Protein chains: 2
Amino acid sequence: MNLLEQTLATLRYILDSSSIVTGGAINPRHHTDWSHYAPACPGILLLPRTTEEVSKMLRICNTHKQPVVPQGGMTGLAGGGVPRAGDIALSLERMEGIEEIDPAAATMTVLAGTRLETIQQAAAEAGFLFPLNLGARGSCQIGGNIATNAGGNSVIRYGMTRDLVLGLEVVLADGRVLNLMNKMMKNNTGYDLKQCFIGSEGTLGVITRAVLKLHPLPGDVTTVLCAPADYSSAVRLLRTLQRKVGTPQAYEVMWPAFYRLGVDWSGQTAPLPDDKPIYVLFESTGSAEALEALLADAFETGDITDAVIASSHTQARQLWKIREATGEFPVRLKPLNFDISLPIGEIDAFIQDCQQHLDSRFPGHHTLYFGHIGDSNLHVTVDLNSVPEPAPVEALDELVYTAVGARKGSVSAEHGIGALKRDYLHHSVTPEALEVMRQLKQTFDPNGILNPGKVLG
Amino acid sequence: MNLLEQTLATLRYILDSSSIVTGGAINPRHHTDWSHYAPACPGILLLPRTTEEVSKMLRICNTHKQPVVPQGGMTGLAGGGVPRAGDIALSLERMEGIEEIDPAAATMTVLAGTRLETIQQAAAEAGFLFPLNLGARGSCQIGGNIATNAGGNSVIRYGMTRDLVLGLEVVLADGRVLNLMNKMMKNNTGYDLKQCFIGSEGTLGVITRAVLKLHPLPGDVTTVLCAPADYSSAVRLLRTLQRKVGTPQAYEVMWPAFYRLGVDWSGQTAPLPDDKPIYVLFESTGSAEALEALLADAFETGDITDAVIASSHTQARQLWKIREATGEFPVRLKPLNFDISLPIGEIDAFIQDCQQHLDSRFPGHHTLYFGHIGDSNLHVTVDLNSVPEPAPVEALDELVYTAVGARKGSVSAEHGIGALKRDYLHHSVTPEALEVMRQLKQTFDPNGILNPGKVLG
């Protein structure tokens, strides 16, 4: 018997057979085609219903030194949940449900397999906002969101997933259950262990439950599309907006090539002329009068040269359609997407660096720049159709990530490292920090069974 | 030669002699009298000027297995910076200064020994708010604030110190320098190692530099004192305020005995009658009209029975004087202060539990309840003059912390564990979590030289 068969025999002996699925049922579960990365289907999928079952499963795998890949909704973009040949997949999908909403504490207690959309809806029904919001909301699970410290559009106002988690229950590699459930904003009782697991992509433990922080529902939203004079004007506008009107719910910057393509694909007449150097789409929940006064001032000082305030929900939706062109990237382009971050003051200079390197290495390339700059996050998309040479992905990765490293940026803003960015981590992380990360991994998972090959390799 | 003398000899050989002070210069540095805890002065005080010096010092101490106590402004309330006999103290006070303010990124880069007040003032001069605010602002240092994850009055709006730190430089026990400096809100490149050091009270590493997150300066503040019908009305008022006007800058709840004493000590006529069941002092930066409408509604529904809106800065200061009675506790009482947190919905029930236990064990006790309930933090102060039996501190500690544990509260909200609360940690932390904390300590500091006797003991 090989390792996988030995582990399977023990699992079958200890566990209810309905929680074990065998026979290549895994790859069709992915929302993205990962066949280039993981050609073989894993042999076993585990489907625990309780924390106790997760604990038993991990204890068995740990004893056999059998690699395990924790899985959420399989919507990740860095391959963190993709099993390799010989891995066992452990999906949290049956551990689904909201255990409690505590309106006094403004918290929600959930099982890890609960879908994000379910959580958003339950929060709204209770008169609260759970502000994490991603395109994958209908499929992704909160356990995966926490394990990858997911970002999204509202980070500028509400922070990353890390900032929305008050407590966790985690099963360690050896099956120990760590109860770190907590409803309090202030709790300084020793090391804040939950922080180790948030964003560690299932390599240090398996998240089974969480206490989430709920926010007040926001008031009416005003949607504005405007054209700042240049990038520094866009940053200045953001800071003034925060000071005078309140931090916006979203602050999306689009460079011209992206704007033109967004207008074109959405089939509308351009709401602002398409020859501006930069565009910002933002949502404010502050006073409408204060916002109008601020925009008038910004015209006066020359920080913006044009603006549209959406006068109806329909018009606001039309403006958002421009930004949501990204949803059509997979259909209309052959996109290579970068999720990076940079100090906010460096983003424009980075784009110039990047464009210059691309121009000289890949003449004729078609590259789009856009992002949530208020939280330092830039997205870069290169259309591989415009780069006709064979297998340019590694060259493009190296080019972009080297430029990121040169400006002290981060090779992963919100998507994580997973399998795809592992080899580029050194552009943003020092050798000493990598060494300490390896020490942490060794402490929590001495046999290296949890999601091997991910994050640190 | 004993251990201390051996270490001193090596330190003198390697380092500039001006960075080594010997001979009992330590205890007078404390802002609190710790003589009951640490009767002996440490023999050596180290005063590094650079990260490199900190690194050399720790490398030497680690080689000799010599215990080291990192020190900031020595204003902590849990004894985290107090040396024991035979410990070396390492003060960061010479590593002082602001390295950079980046207005585009809204960040400030500082050395660990920089005083909080210096940082607050520099932020304000640059048009930003650094929202961490404590009574000790003139003496405490940012390194200590980060190492203890300090709280303060503005946590409800801006979070704990943890939420205000984007990057750190840390020297590990063996002298390795960990550069985790980062200006980006979004950065998912592997494990977020800085989280390990924030709140670990110098037991896992010595913080030498930090990147802080700056906030926009708030607009005009309205100060309100009101009397909710009961505790649940006070919580409901908070949630409505957050939804309709915006999260307040402060939301301070006072129970009647505290209110009466605050009015009395401040020498003013009671702004609200002193027979109400509960009082809330809050500061709103939202629209004044929205706030007035909300208060009118709250009268209507019966959630509040009385309220004063400060009509001037002077009147606002008068209202705050009631809450600031705490500043006179050490002079007018013999206070035993508890800094605890509880799920917000449990705070009132906890007070009833606690009062009942105190009544039966210490009849005639004089106990005050007040806190920042919006962030789950309750302060309880027992006047030891009202508890005449000898040495009641341990009995009171045990009584209060047991009641906290029974309602899943935390024995330390914002002051940390240090030396004083170590033995009560088990009321809020499971044995499994304590075991994992010890594993982390072992990983970062295998010789146990960093602040031994603190946090985990």
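Thresholds applied
Residues numbered from 1 in each chain as written. Chains lettered and ligands numbered in written order. Predicted model: local features only at pLDDT ≥ 70, side-chain atom pairs only at ≥ 80, totals over all residues. Heavy atoms only, no water. UniProt positions renumbered as here; feature names shortened; annotations may be inferred. Pairing = 2+ DSSP bridges. Helix = DSSP H or I, 4+ residues; strand = E, 2+ residues; numbered from the N terminus. Axes fitted to C-alpha atoms, helices over the stretch in contact; angles between N-to-C directions. Least-squares fit on C-alpha atoms with pLDDT ≥ 70 in both. Contact = heavy atoms within 4.5 Å. Buried area = accessible area lost by both parts, 1.4 Å probe. Salt bridge = Lys/Arg side-chain N within 4 Å of Asp/Glu carboxyl O. Buried < 20%, exposed > 50% of the residue type's maximum accessible area, 1.4 Å probe, protein only. Core = buried A, V, L, I, M, F, W, Y, C linked by side-chain atoms within 4.5 Å. Expected span 1.5 Å × (residues − 1). Arc of directions from axis to C-beta. Phe/Tyr/Trp six-rings, centres within 6.5 Å; stacked < 30°, edge-to-face > 60°.

Chain A goes by FAD/FMN-containing dehydrogenase in an unreviewed UniProt entry, where it is assigned to Pseudomonas duriflava. According to the UniProt record, the Sequence similarities (unreviewed entry) comment for chain A reads "Belongs to the FAD-binding oxidoreductase/transferase type 4 family." Looking at chain A in UniProt, the text filed under Cofactor (unreviewed entry) is "FAD".

Enquirer: I'm lost on the sheet that holds strand β10 (residues 206-213) of chain A in this one. Help?
Expert: Sheet strands associate in pairs through backbone hydrogen bonding, adopting either a parallel or an antiparallel arrangement. Residues and elements named next belong to chain A. Pairing within the open sheet is antiparallel, and its five strands lie in the order β5-β6-β10-β8-β9. Edge positions in the sheet fall to β5 (98-102) and β9 (177-180), since each has one partner strand and no second. Neighbour-to-neighbour, the strand axes of this sheet turn through a mean angle of 10°, independent of strand direction. The pairing of β5 with strand β6 (residues 107-111) spans four bridges and is classified as antiparallel. Bridge pairing in β6 places Glu 100 opposite Thr 109.

Enquirer: Just to check I follow, could you spell out the relation of the copies chain A and chain B for this structure?
Expert: Both copies of the chain are related by one operation, a rotation about an axis with a shift along it. Laying chain A over chain B is done by rotating through 180° and shifting 0.0 Å along the axis; what remains is an RMSD of 0.0 Å. Expressed as an axis order, the relation between the two copies is that of a two-fold axis. Of the C-alpha atoms belonging to chain A, the one lying closest to the rotation axis is found on Gln195(A), 3.1 Å away. Taken as a fraction of all interface residues of chain A, those also at the interface in chain B reach 99%, which identifies the copy contact as same-surface.

Enquirer: So what exactly am I meant to see when it comes to the interface of chain A and chain B here?
Expert: In this assembly, 81 residues from chain A lie in contact with 80 residues from chain B. For the pairing of chain A and chain B, the buried interface totals around 5,800 Å² over both sides, and the portion due to carbon and sulfur atoms is 63%. Interface area lost by chain A to chain B is led by Lys186(A), Asn188(A) and Tyr191(A), which between them contribute 18%. Where chain A touches chain B, the interface holds eight salt bridges.

Enquirer: Can you walk me through the pattern of salt bridges in this structure?
Expert: Pairing between side chains of opposite charge can happen when their charged atoms approach one another. Taken as a whole and judged by the stated rule, the model has 38 salt bridges over all chains. The partner of Arg323(A) in a salt bridge is Glu252(A), and the shortest N-O contact between them spans 2.8 Å. Taken as a pair, Arg323(A) in helix α10 (residues 313-323) and Glu252(A) in strand β13 (residues 250-254) lie far apart in primary sequence, 71 residues in all. Judged by relative accessible area, Arg323(A) falls into the buried class, the value being 8%. Look at Glu252(A) and you get buried, because its relative accessible area is 0%. The partner of Glu324(B) in a salt bridge is Arg317(B), and the shortest N-O contact between them spans 3.0 Å. According to the relative accessible area criterion, Glu324(B) is partly exposed, its value standing at 38%. Residue class for Arg317(B) comes out partly exposed when judged on its relative accessible area of 35%.

Enquirer: Can you walk me through the sheet that holds strand β4 (residues 88-91) of chain A in this structure?
Expert: Residue and element names in this part refer to chain A. Pairing in this open sheet of four strands is mixed, and the strands run β1-β2-β4-β3 from one edge to the other. Of all strands in the sheet, those with a lone pairing partner are β1 (20-22) and β3 (68-71), marking the two edges. Across the sheet, the axes of successive neighbouring strands diverge by a mean angle of 25°, strand direction being ignored. Pairing of β3 with β4 involves four bridges; the strand directions are parallel. Bridging from a neighbouring strand, Gln 71 pairs with Ser 91 of β4. Strands in contact with helix α1 (residues 3-14) are β1, β2 (44-46) and β4; relative to β1, the strand with the most contacts, it is inclined by about 145°. Packing of helix α2 (residues 51-64) onto the sheet brings it into contact with β2, β3 and β4, and relative to β4 it is tilted by some 165°.

Enquirer: Before we go on, may I ask you to explain the nonpolar core in this structure?
Expert: Looking at soluble globular proteins, one finds that nonpolar side chains tend to be buried together. Core analysis: the largest hydrophobic core is formed by 236 residues, its most contacted members being Phe350(A) and Phe350(B). Not counting residues up to four positions away in its chain, the partners in contact with Phe350(A) are Ile340(A), Leu342(A), Leu378(A), Val380(A), Val400(A), Ala403(A), Val404(A) and Arg407(A).

Enquirer: Would you take a moment to explain the pairing of β13(A) for this structure?
Expert: All names here are of chain A. The buried fraction of β13 amounts to five of the five residues, a majority that puts the element mostly inside the structure. Neither face of β13 is open: one carries Ala 250, Glu 252 and Met 254, the other Tyr 251 and Val 253, and all of them are buried. Sheet topology note: the β13/strand β14 (residues 279-284) ladder contains five bridges and is antiparallel. Note on β14: the bridge partner recorded for Tyr 251 is Phe 282. The pairing of β13 with strand β17 (residues 366-372) spans two bridges and is classified as antiparallel. Each bridged residue has a counterpart across the sheet, and for Met 254 the counterpart in β17 is Phe 370.

Enquirer: I would appreciate a short explanation of helix α9 (residues 288-301) of chain B in the present structure.
Expert: Given 3.6 residues per helical turn, the α-helix brings residues three or four places apart onto the same face. All names here are of chain B. Its 14 residues place the ends of α9 20 Å apart at the C-alpha level, agreeing with the 20 Å of an ideal helix rising 1.5 Å per residue. All buried positions along α9 are accounted for by Leu 291, Leu 294, Leu 295 and Ala 298. End-on view of α9: buried residues confined to an arc of 100°, all on one side of the axis. Among the exposed residues of α9, those pointing more than 90 degrees away from its buried face are Glu 289 and Glu 300. The elements touched by buried residues of α9 are β12 (222-228), α7 (231-244), β14 (279-284) and β15 (304-309).

Enquirer: Sorry, what's going on with helix α3 (residues 116-125) of chain A here?
Expert: Residue and element names in this part refer to chain A. If you check which residues of α3 are buried, you get Leu 116, Ile 119, Gln 120, Ala 122 and Ala 123. Projected down its long axis, α3 shows its buried positions confined to an angular sector of 170°, all on one face. In the core, the buried residues of α3 are packed alongside β5, β6, β7 (128-129), α4 (142-147) and β10. Following α3 by one or two positions, Gly 127 has its phi on the positive side, about 85°.

Enquirer: How should I be thinking about the packing of aromatic side chains in this particular structure?
Expert: Two numbers describe a pair of aromatic rings. These are the distance of the centres and the angle of the planes. Residues and elements named next belong to chain B. Summed over all chains, the structure comprises 20 aromatic pairs over all chains. Consider the rings of Tyr 259 and Tyr 279, whose centres lie 3.7 Å apart with planes at 10°: the pair is stacked. Taken together, the positions of Tyr 259 in helix α8 (residues 256-266) and Tyr 279 in strand β14 put the pair 20 residues apart, joining distant regions of the chain. The exposure class assigned to Tyr 259 is buried, which follows from its relative accessible area of 0%. Judged by centre distance (4.8 Å) and plane angle (40°), the rings of Tyr 401 and Tyr 424 are tilted.

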